[in-house]
Amino acid sequence: MSRRNVLLGGLALAGGGLLAGTLDSDRAWAAASPPIIDCAGWGARPNSRVVPIWNQRPVKILVHHTATPNVADFSRGAADRLARGIQNFHMDRRGWLDTGQHFTISRGGFVLEGRHRSLEVLRLGKRQVEGAHCTGQNVVAVGIENEGTYTAADPPAELWNRLREMCAYICSRYGIRPTEIFGHRDFKDTACPGDRLYGMLPRLRTEVAGALGQRLDRAATVKASWPLLRVADRGSEVLAAQYLMRDAGMTGVVPDGRFGRTMADTVRSYQAANGFEEVNGMIGGESWPALARPVQRGEGGDAERAVETLAGRRGAESLPDVITAPVWQKLLGTGGAP
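Residues numbered from 1 in each chain as written. Predicted model: local features only at pLDDT ≥ 70, side-chain atom pairs only at ≥ 80, totals over all residues. Heavy atoms only, no water.

Participant: Sorry, what's going on with the nonpolar core here?
Facilitator: One broad trend across soluble globular proteins is that nonpolar side chains are buried collectively. Ranked by internal contacts, the top residues of the largest apolar core, which has 36 residues, are Leu163, Met166, Ile170 and Leu204. At the level of elements, strand S3 (60–65), strand S4 (103–105), helix H2 (118–124), strand S7 (141–146), helix H3 (157–174), helix H4 (195–199) and helix H5 (201–211) are the ones that each hand at least two residues to this core. In terms of residue count, the dominant contributor to this core is H3 (ten residues). Dropping the residues within four chain positions of it, leucine 204 is found in contact with Val63, Trp160, Leu163, Arg164, Cys167 and Ile181. Formed by 31 residues, the second largest nonpolar core is a distinct cluster that contains Ala241, Tyr270, Val307 and Val327. (Core = buried A, V, L, I, M, F, W, Y, C linked by side-chain atoms within 4.5 Å. Buried < 20%, exposed > 50% of the residue type's maximum accessible area, 1.4 Å probe, protein only. Helix = DSSP H or I, 4+ residues; strand = E, 2+ residues; numbered from the N terminus. Contact = heavy atoms within 4.5 Å.)

What follows is the structure in structure tokens.
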């Protein structure tokens, strides 16, 4: 199938005005594009089906890591092989029509188009290629995969510099605010993009803003989020999650503030029973919103015990009558700038 033999159009965005997270593109600051290797340049296979293109702009950027080895080969050839390997895995193992993410950045700092037509549509700045990098975000977020595993290591300067430049260019073309850069774990139960790279997102937002001629207050660089809990974690966040698991019907959970193997098995059971995409025993951006339901003060039970656990740790003197998601995030210590 030709790269041109695909549908351009998709569904029109209902309503008028600006989308949340976007700037008027006529007033957005300009940023130059880094060199980007298109699909033909790295030898991509044709997409197996029509690539959906939506008649709307994305409103955010999602940062991922490939969870592959932190190789020392920074060459162009290594970058091309990486892109082909990802596409083969996504098409042959996952059954997707093409590469899932819109763009890939190699450890050597080469930027490659991922899904066909992503580069063409980005340059137009009006529409969005539907991706497959994060369920629920694929038509509203540009997905960028960064080669490597950044759980305990920082990305190399070559990759970081290109990521900053690529994010600035995407923000410029689509009018996305630099504050609207997120990690995969913000929306799913996953460690992606790694603890170190995820922890660098406030710096990335700051540097992207600088590249666009903007200045962010420090508070604006930190986004409200959910903590990622996994085996070996302990403390009040774990204890609160255990109470919430009990509130959700997992009555076998022992609220001891320790995230052990038994706890992980119970989380997997909860995820499977609720049809979550990730059934891996972690509590992150998909499980927390389901568990942290609205709680009426004074209702009693395990959910209010979770609130009291966190409020006691934070020394909160007063709380609203109803504990909603933003309040939960504040109590968990992850409530950043709105």
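Now that the structure has been shown, the text picks up again.
Participant: Can you help me understand helix H6 (residues 236–247) in this one?
Facilitator: In an α-helix, one turn spans 3.6 residues, which is why side chains three or four residues apart end up on the same side. The end-to-end C-alpha separation of H6 is 16 Å, in line with the 16 Å expected for twelve residues at 1.5 Å each. Taken as a whole, H6 has its buried residues at Ser236, Val238, Ala240, Ala241, Gln242, Tyr243, Leu244 and Met245. Note on H6: the residue one or two positions beyond its end, glycine 249, has a positive phi of about 105 degrees. (Expected span 1.5 Å × (residues − 1).)

Participant: I tried to follow the environment of valine 50 on my own but got confused; where do I start?
Facilitator: Mapped onto the elements of the fold, valine 50 is located in the loop between strand S1 (36–37) and strand S2 (53–54). Counting along the chain gives 48 residues from valine 50 to aspartate 98, while the straight-line C-alpha distance between them is 9.5 Å.

Participant: When you look at the pattern of salt bridges in this model, what are you seeing that I'm missing?
Facilitator: Enumeration according to the criterion identifies 19 salt bridges in this entry. Across the salt bridge formed by arginine 162 and glutamate 165, the nearest N and O atoms sit 2.9 Å from each other. Pair noted here: arginine 162 and glutamate 165 are both in helix H3, with a separation of three residues, about one helical turn. By relative accessible area, which is 26% here, glutamate 165 ends up partly exposed. Each of Arg164, Arg203 and Glu207 takes part in salt bridges that share partners, so that together they form one network. (Salt bridge = Lys/Arg side-chain N within 4 Å of Asp/Glu carboxyl O.)

So far we have only geometry, and geometry alone does not tell us how the molecule works.
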